[in-house]
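Geometric and topological summary
Next come the chains, spelled out residue by residue.
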Amino acid sequence: MVAVAWRLWAVHRERDAVRDKVAGMEVSSERDALTGLLNRHVVEERFETLRAQGFETFALIDLDNFKAVNDRHGREVGDEVLAACGHALKGGEGRDYLTIRHGAEEFVVLLSGVDAYYRAEALRKKLPMKIARAVPALEEPVTASMGLIEFPDVGFEASSFEELYERAAQLLRNAKAAGRDRTCFERLTMLGGEPAPAEQNSASRGHVAA
């Protein structure tokens, strides 16, 4: 009887260990190992649900001249910069924004609620200070540029994560071309008209008709 009980206990323990390992693998597969942020595949799969929950602002943030950081300080310091950036941008459950590491030095922030543009811009502007505090080996500030899109919950239901990403990526390229360390903004509407962009607080803002 003792031997049978011992074998049953061992079987249950092995089964629980396997379950824990699988659960850990599932969690790790959803998160970027360096920054701890959600990865793009998880968010792409949940994007329709997130939109239904009110996440209607798509911000694409890219660190400026990041290659120069790696070239000057080495890959280890570059990883510290990325980890610090991820920590500074990290949202969470119950928060009005969440952040994804999209690849390399590129991050996507999805926001809900009012004043999303200003909240995203505040996150971007705080990055140089937060990175400098976390990575004292740096000799120069690491700034970031951003392409940001606000889209309504009516009329753009068919827009996929990838389609919004491509539009935000073009805005990001515009911000880089304009001198970096700034934001280019677009609010999608179903109305006509295309006013010229206006500069405001080092961020290029404009309304673009869909």
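The text that follows walks through the structure, step by step, so that each part is easy to find. What you see as residue numbers is a count from 1 along each chain, following the sequence as written. Given that this is a predicted model, residues contribute local features only at a pLDDT of at least 70 and side-chain atom pairs are listed and counted only at 80 or more, while totals for whole chains, interfaces and linings are drawn from all residues. The basis for the side-chain values is all heavy atoms of the structure; hydrogens and waters are excluded.

Another aspect to go through is the environment of Asp64. Mapped onto the elements, Asp64 comes out in the loop between strand E2 (55–63) and helix H3 (66–73). When near neighbours in sequence (up to four residues on either side) are disregarded, Asp64 contacts Val142, Thr143, Ala144, Ser145, Lys176, Arg180 and Asp181. Runs of H or I in DSSP of at least four residues are treated as helices and runs of E of at least two as strands, each being numbered from the N terminus. The contact criterion used is simple: two residues touch if any of their non-hydrogen atoms lie within 4.5 Å.

Turning next to the packing of aromatic side chains. Put simply, two rings from Phe, Tyr or Trp (the six-membered ring, in Trp's case) pair if the centres are within 6.5 Å, and we call them stacked under 30 degrees between planes, edge-to-face over 60, tilted for the rest. One pass over the full model with this rule turns up four aromatic pairs. Both rings, one in Tyr117 and one in Tyr118, keep their centres 5.1 Å apart while their planes meet at 85°; by these two values the pair is edge-to-face. When accessible area is computed with a 1.4 Å probe and restricted to protein chains, residues below 20% of their type maximum are described as buried, those above 50% as exposed, and intermediate ones as partly exposed. The exposure class of Tyr117 is buried, given its relative accessible area of 3%. Take Tyr118: its relative accessible area is 43%, and that puts it in the partly exposed class. Relative to Phe185, the ring of Tyr117 lies with its centre 5.0 Å away and its plane at 80°, an arrangement referred to as edge-to-face. Of the two residues, Tyr117 sits in helix H5 (residues 116–134) while Phe185 sits in strand E6 (residues 183–189), which places them 68 residues apart along the sequence. Taking relative accessible area as the criterion, Phe185 reaches 4% and is therefore assigned buried.

Now for the pairing of strand E4 (residues 106–112). By the criterion of burial, E4 is predominantly enclosed, with seven of the seven residues buried. Neither face of E4 is left uncovered, since the one carrying Glu106, Val108, Leu110 and Ser112 and the one carrying Phe107, Val109 and Leu111 both have all their residues buried. In this analysis, strands are considered paired if DSSP registers two or more bridges between them. Here E2 pairs with E4 via seven bridges, running antiparallel. Among the inter-strand pairings, Phe55 is bridged to a residue of E4, identified as Ser112. When strand E3 (residues 97–103) meets E4, the two strands line up antiparallel, connected through six bridges. By the bridge assignment, Leu98 is partnered in E4 with Leu110.

Just to be clear on terms, a salt bridge is a Lys or Arg side-chain nitrogen sitting within 4 Å of an Asp or Glu carboxyl oxygen. By the definition in use, this model includes 14 salt bridges. Where Asp71 meets Lys67, a salt bridge forms, and the shortest distance between an N and an O atom there is 2.8 Å. Of this pair, Asp71 and Lys67 both sit in helix H3, four residues apart, which is roughly one turn of the helix. One connected set of salt bridges, linked through shared partners, spans Arg40, Glu44 and Glu162.

This next bit is on the nonpolar core. Judged by nonpolar contacts, the single largest core of 30 residues is most densely connected at Leu63, Val81, Leu127, Ile131 and Leu138. Mapped by element, the contributors of at least two residues to this core are E2, H3, helix H4 (75–89), E4, H5 and strand E5 (144–150). Dropping the residues within four chain positions of it, Ile131 is found in contact with Leu63, Val81, Ala84, Cys85, Leu138 and Val142. The criterion is simple. A nonpolar core is a set of buried Ala, Val, Leu, Ile, Met, Phe, Trp, Tyr and Cys residues joined through side-chain atoms within 4.5 Å. Leu38, Phe55, Val108 and Phe151 belong to the second-largest nonpolar core, a separate cluster that totals 24 residues.

Counted at 1.5 Å a residue, the expected span for helix H6 (residues 161–177) with its 17 residues is 24 Å, and the 24 Å between its end C-alpha atoms agrees. Within H6 the residues assigned to the buried category are Phe161, Leu164, Tyr165, Ala168, Ala169, Leu171, Leu172, Ala175 and Lys176. Buried positions along H6 lie against helix H2 (40–52), E2, E3, E4, E5 and E6. Downstream of H6 by a residue or two, Gly179 has a phi angle that is positive, lying close to 130°. The span you would expect from a helix comes to 1.5 Å times its residue count less one.

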